[in-house]
Protein chains: 2
Amino acid sequence: MKMPESSSEKVVSFSKVKVACQECSLKEICLPVGVHVSDIEKLDRIIKRKKPLARAEHLYRAGDKFHALFAVRSGSLKTYVTTEEGAEQITGFHLAGELIGLDAIADSVHPVAAKALETTSVCEIPYESLDALSCKVPGLRQQLLRIMSREIRDDEQNMLMLGQKTAEEKLAGFLISMSSRYRQRGFSPYEFNITMSRGDIGNFLGLALETVSRLFGRFQTDGLISVERKHIQILGHNKLSMLAEAGCVHKNALEK
Amino acid sequence: MKMPESSSEKVVSFSKVKVACQECSLKEICLPVGVHVSDIEKLDRIIKRKKPLARAEHLYRAGDKFHALFAVRSGSLKTYVTTEEGAEQITGFHLAGELIGLDAIADSVHPVAAKALETTSVCEIPYESLDALSCKVPGLRQQLLRIMSREIRDDEQNMLMLGQKTAEEKLAGFLISMSSRYRQRGFSPYEFNITMSRGDIGNFLGLALETVSRLFGRFQTDGLISVERKHIQILGHNKLSMLAEAGCVHKNALEK
DNA sequence: CGATGACTTGACTGCTGTCAACGTGCGTGG
DNA sequence: CCACGCACGTTGACAGCAGTCAAGTCATCG
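Here the structure is a predicted model, which is why all the values come from computation and not from measurement.

Enquirer: Account for unusual backbone geometry, with residues named and values stated.
Expert: Even without glycine at this site, S108 of chain A takes up a positive phi of about 60°. Here S108 of chain A lies in the loop between β6 (99-100) and β7 (113-116). For S108 of chain A, a relative accessible area of 28% corresponds to the partly exposed category. We note that A56 of chain B has phi near 75°; this positive angle belongs to a residue other than glycine. Considering the arrangement of structural elements, one finds A56 of chain B in the loop between β1 (48-49) and β2 (58-60). Residue classification places A56 of chain B among the partly exposed positions, given a relative accessible area of 28%.

Enquirer: Would you mind going over the sheet that holds strand β7 (residues 113-116) of chain B in detail, with residue names and values included?
Expert: Strand order in the open sheet formed by four strands is β2-β7-β4-β5 (chain B), with antiparallel pairing between adjacent strands. One side of each edge strand has no neighbouring strand; the edge strands of this open sheet are β2 and β5 (88-94) of chain B. When the angles between neighbouring strand axes are averaged without regard to direction, this sheet yields 30°. Of the strand pairs in this sheet, strand β4 (residues 77-82) of chain B and β5 of chain B are connected by six bridges, and their pairing is antiparallel. Each residue of the ladder has a partner; that of T79 of chain B, found in β5 of chain B, is G92 of chain B. With respect to the sheet, helix α4 (residues 138-164) of chain A is in contact with β4 and β5 of chain B, its orientation differing from that of β5 of chain B by roughly 120°.

Enquirer: Please give an account of the sheet that holds strand β3 (residues 68-74) of chain B that cites residues and values.
Expert: Residues and elements named next belong to chain B. Strand order in the open sheet made by the four strands is β1-β8-β3-β6, with antiparallel pairing throughout. Looking at which strands have only one partner, the edges of the open sheet turn out to be β1 and β6 (99-100). Sheet topology places β1 next to strand β8 (residues 121-126); two bridges connect them, and they run antiparallel. Directly across from R49, in β8, lies its bridge partner C123. Across the sheet, helix α3 (residues 127-136) touches β3 and β8, and the angle it forms with β8 is around 65°.

Enquirer: I'd like to hear about the relation of the copies chain A and chain B, residue by residue, with values.
Expert: Expressed as a screw operation, the relation of chain A to chain B combines 0.0 Å of axial shift with a rotation of 180°, fitting to an RMSD of 0.0 Å. The superposition operator between the copies reduces to a two-fold rotation axis. Counting the interface residues of chain A, we find that 100% of their copies in chain B are interface residues as well, pointing to one common contact surface.

Enquirer: Break down the packing of aromatic side chains for me, citing the residues and quoting the values.
Expert: In the structure shown here, the tally under the stated rule is 14 aromatic pairs over all chains. Seen in terms of ring centroids, Y182 of chain B and F192 of chain B are 4.7 Å apart; in terms of plane orientation they differ by 25°. Their pairing is stacked. A residue pair is termed long-range when its members are at least 10 positions apart, and Y182 of chain B in helix α5 (residues 167-184) and F192 of chain B in strand β9 (residues 191-193) qualify at 10 residues. F192 of chain B matches Y182 of chain B in its accessibility class, with the two residues each being buried. By the ring-pair criterion, three or more aromatic residues cluster together here, those being F93, F174 and F204 of chain A.

Enquirer: Describe the interface of chain A and chain B, and please don't skip the residues or the numbers.
Expert: Chain A puts 63 residues into the contact, and the matching count from chain B is 63 residues. Summing both partners gives a buried area of about 5500 Å² for chain A against chain B, and 57% of it is carried by carbon and sulfur. Between chain A and chain B we count four salt bridges in total. The interface formed by chain A and chain B contains 18 residue pairs in polar contact (both at pLDDT 80 or more). Grouping the amino acids of the side of chain A that touches chain B by side-chain chemistry returns 28 nonpolar, 15 polar and 20 charged.

Enquirer: Outline empty space enclosed by the protein, supporting the account with residue identities and numerical values.
Expert: Residue and element names in this part refer to chain B. Counted under the stated rule, the structure contains three cavities of 30 Å³ or more. Quantified by volume, the largest cavity comes out at close to 140 Å³. Surrounding the largest cavity, 16 residues form its lining, C21, C24, C30, A71 and C123 being those nearest its centre. Sorting the residues of the lining of the largest cavity by element identifies β3 and β8 as the ones contributing at least two each. The greatest single-element share of the lining of the largest cavity, amounting to three residues, is contributed by β3.

Enquirer: Break down the domain arrangement of chain A for me, citing the residues and quoting the values.
Expert: Residues and elements named next belong to chain A. As assigned here, chain A comprises domain 1 (21-140) and domain 2 (165-255). A separation of 26 Å is found between the C-alpha centroids of domain 1 and domain 2. Counting residues at the interface gives 15 residues for domain 1 and 12 residues for domain 2. Summing both partners gives a buried area of about 1200 Å² for domain 1 against domain 2, and 55% of it is carried by carbon and sulfur. The largest contributions to the domain 1 side of the interface with domain 2 come from I90, F93 and L95, which together make up 49% of the buried area. Connecting domain 1 to domain 2 are three salt bridges. Across the salt bridge formed by D200 and K78, the nearest N and O atoms sit 3.1 Å from each other. Along the contact surface separating domain 1 from domain 2 lie eight residue pairs in polar contact (both at pLDDT 80 or more).

Enquirer: Got a sec to walk through the environment of L133 of chain B? Specific residues and values, please.
Expert: Residues and elements named next belong to chain B. Among the structural elements, L133 can be located in helix α3. C-alpha separation for the pair L133 and A62, spaced 71 residues apart in sequence, amounts to 27 Å. Sequence-distant contacts of L133, that is, excluding residues within four places in its chain, are made with K42, L43, I46 and L140.

Enquirer: Provide a residue-level description of the side chain of T120 of chain B, including the pertinent values.
Expert: All names here are of chain B. Assignment of secondary structure puts T120 in the loop between β7 and β8. Within the structure, T120 has its side chain in polar contact with the backbone oxygen of S76 (distance 3.0 Å). A polar contact is formed between the side chain of T120 and the backbone oxygen of E118, at a distance of 2.7 Å. When sequence neighbours within four positions are dropped, the list of residues in contact with T120 reads P52, L53, V72, S74, G75, S76 and L77.

Enquirer: Lay out the pairing of strand β10 (residues 225-228) of chain A with the relevant residues and their values.
Expert: All names here are of chain A. Only one face of β10 is buried, namely the one carrying I225 and V227, since none of S226 and E228 on the opposite face is buried. Two strands pair when backbone bridges link them, and β10 and strand β11 (residues 231-234) are joined in this way by four bridges, in the antiparallel orientation. Bridge pairing links V227 to I232 in β11. Between the antiparallel neighbours β10 and β11 lie two residues, among them R229 with a positive phi of about 55°.

Procedures and definitions
- Residues numbered from 1 in each chain as written.
- Chains lettered and ligands numbered in written order.
- Predicted model: local features only at pLDDT ≥ 70, side-chain atom pairs only at ≥ 80, totals over all residues.
- Heavy atoms only, no water.
- Helix = DSSP H or I, 4+ residues; strand = E, 2+ residues; numbered from the N terminus.
- Buried < 20%, exposed > 50% of the residue type's maximum accessible area, 1.4 Å probe, protein only.
- Pairing = 2+ DSSP bridges.
- Axes fitted to C-alpha atoms, helices over the stretch in contact; angles between N-to-C directions.
- Contact = heavy atoms within 4.5 Å.
- Least-squares fit on C-alpha atoms with pLDDT ≥ 70 in both.
- Phe/Tyr/Trp six-rings, centres within 6.5 Å; stacked < 30°, edge-to-face > 60°.
- Buried area = accessible area lost by both parts, 1.4 Å probe.
- Salt bridge = Lys/Arg side-chain N within 4 Å of Asp/Glu carboxyl O.
- Polar contact = N/O pair within 3.5 Å; in protein donor to acceptor, adjacent residues only side chain to side chain.
- Nonpolar A, V, L, I, M, F, W, Y, C, P; charged D, E, K, R; others polar.
- 1 Å grid on protein atoms, 1.4 Å probe; cavity = no way out; pocket = protein on both sides within 12 Å on 5 of 7 lines; lining within 4 Å.
- Points joined across faces, edges and corners; volume = space filled by probe spheres on them.
- Domains from an automatic or database assignment.

Listed below in structure tokens is the structure:
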């Protein structure tokens, strides 16, 4: 417990402050995008580095009072809503560089819970301070709006996915989406480890976990992917993309 | 064409400027919420009132350059994405007081199209001006963030709806949602006219239009609603709510 | 009054959920 | 080191919800 590197209780130990936004490998996709170097320091000053979350630990729960946004520094989380009956619907998986908690600004209460899928560390960004700072730093304000806008746009895409697509198209779309998200983060888009279970994927896509399992099998037989537990290789990226985009042809042609 | 009231090309004719935000019945749910009276004037000055759109007319199309947000003043619109194959997925229906175009901020391009479902008038809010003003008016900046946050939260709810629910639950949820949105706007939550077609509803909910039609019939037989073409009466609001919330009990219990 | 589009209703099919049994990998404790 | 338990994942059988196709009705408008 003397070593500041380990899971110390002190969140502002010197060794952690060193990993400031400027040095962070995620500054290209995170909040600092479009913010001047001099201003990043100001941002840095309001950000708190928290000790890492263990797998299955909650960052916040549905109903918690909102006071800060969180940027995923490493690891991954899922966010989910729980119905009165206790069933959960996953609303998203969140990788390094992503900002979560944006849905809580409206009512100052978190409408969803966030749970770590693996050992995960996050940066805490107190909303009050961010709001104050965003007023002085135009680039920061714009980036925050861009991030929220992107979130809305992506959610619209997800609605399309959930509403119109077949199980096959959904899973293909999911894989392509994960692939490109890993690419953005500098990892191989053709080989990666997913951190969520089959059940999580199914829940997110609106499919039974058995269906996910079956489709993984079929995609593998068809030579589109190679899958061994959590390890995924994308072999037929093009075909998968086509599968994902496909569908929707059958549906009502509404054009008036 | 001489009458400034009618569909004049001049968007800043005196008669229209009179209907400023202060006098607008929507100021309680629109952008001015939380903005001081003195500041609303500033907001007013950047807002342009456009001539009304006719039914089926586009406000913007997918791929259009983004330059302004729009607030629905009266009437209603649908927003939708179109796939390469030409099929469309409706991403939302938008009533008076709602802000649309928020999903376009990220890339300065509209990812969806917006089309009037009936005669509809909107206020145009140039984004550049809004951004500049929001920097000076804290209440405005916060309200914009609140609105975007709410949009994200609502989209998450829609994902739950599309992913987990049965056709019956989806349609019940849709009706309850429309009901409460009309209530918010001062209309009866128990009797209203929907402005979209069965096909639109089905498309939005991820159902075939025939299924929507059948369910309307069944809900009517069960005494939950009374429906005649576009006119809807909610007779069993409680039962409908329960139907909408139900479901999801069967799904995977993921709790670790 | 006919044409057009919106809606309804019926018959049939198939995708995907459910239930159930079994296999696999990993951590724990003897 | 091995045996066990547990969570996770796979596979099979079956059934039902909702999509598709098709025909027919109804409302609106030129």
